[in-house]
Amino acid sequence: MRIWLPTLSVVAVTVLLAWWFFASVGTLDGYPGDSGLCPASNIPPQWPDWIPA
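Student: For the overall build of the chain, give the residues involved together with the corresponding values.
Tutor: When helices and strands are tallied, the chain shows one helix and zero strands. Relative to its 53 residues, the chain shows a buried fraction of 0%. Only carbon and sulfur atoms are counted for the fraction: they give 72% of the accessible area of the chain, which is about 5,000 Å².

Student: Go over a nonpolar patch on the surface with me, naming the residues and quoting the values.
Tutor: A contiguous nonpolar patch, built from Met1, Ile3, Trp4 and Leu8 and spanning about 550 Å² of accessible area, is present on the exposed surface. Among the secondary structure elements, Met1 is positioned in the segment before helix H1 (4-25).

Calculation criteria
- The written sequence of each chain sets the order in which its residues are numbered from 1.
- It should be noted that, the model being predicted, local features are given only for residues of pLDDT at least 70 and side-chain atom pairs only at 80 or more, the latter also being counted only at that level, while totals for whole chains, interfaces and linings use all residues.
- To get the side-chain values, take all heavy atoms of the structure and skip hydrogens and water.
- Think of it this way: any DSSP run of H or I at least four residues long counts as a helix, any run of E at least two long counts as a strand, and we number them from the N terminus.
- For every residue, the accessible area (1.4 Å probe, protein chains only) is compared with the maximum for its type, and the residue is labelled buried under 20%, exposed over 50%, or partly exposed between those bounds.
- Computed with the Shrake-Rupley method and a 1.4 Å probe, the accessible areas treat only the protein chains shown as cover for residues.
- Patch definition: residues above 30% relative accessible area lacking any salt bridge, with like charges linked at up to 9 Å and the nonpolar side chains Val, Leu, Ile, Met, Phe, Trp and Tyr linked at up to 5 Å.
- Salt bridge criterion: a side-chain nitrogen from Lys or Arg within 4 Å of a carboxyl oxygen from Asp or Glu.

Spelled out as structure tokens, the structure:
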């Protein structure tokens with residue numbers, strides 16, 4: 001049981017840092033993966049409201 005606390009802590013911190021990075025940087029203008037279908041807010045229309053973006 002002792003191994004789960006550090007493991008879950010590392011996973012949680014990694015997920016939160018990745019979420020913060022993608023929320024703050026988003027898709028840059030001109031990035032090849034940008035399809036151009038997202039509005040100016042860079043949030044796709046199908047994005048669920050319950051997930052903060």
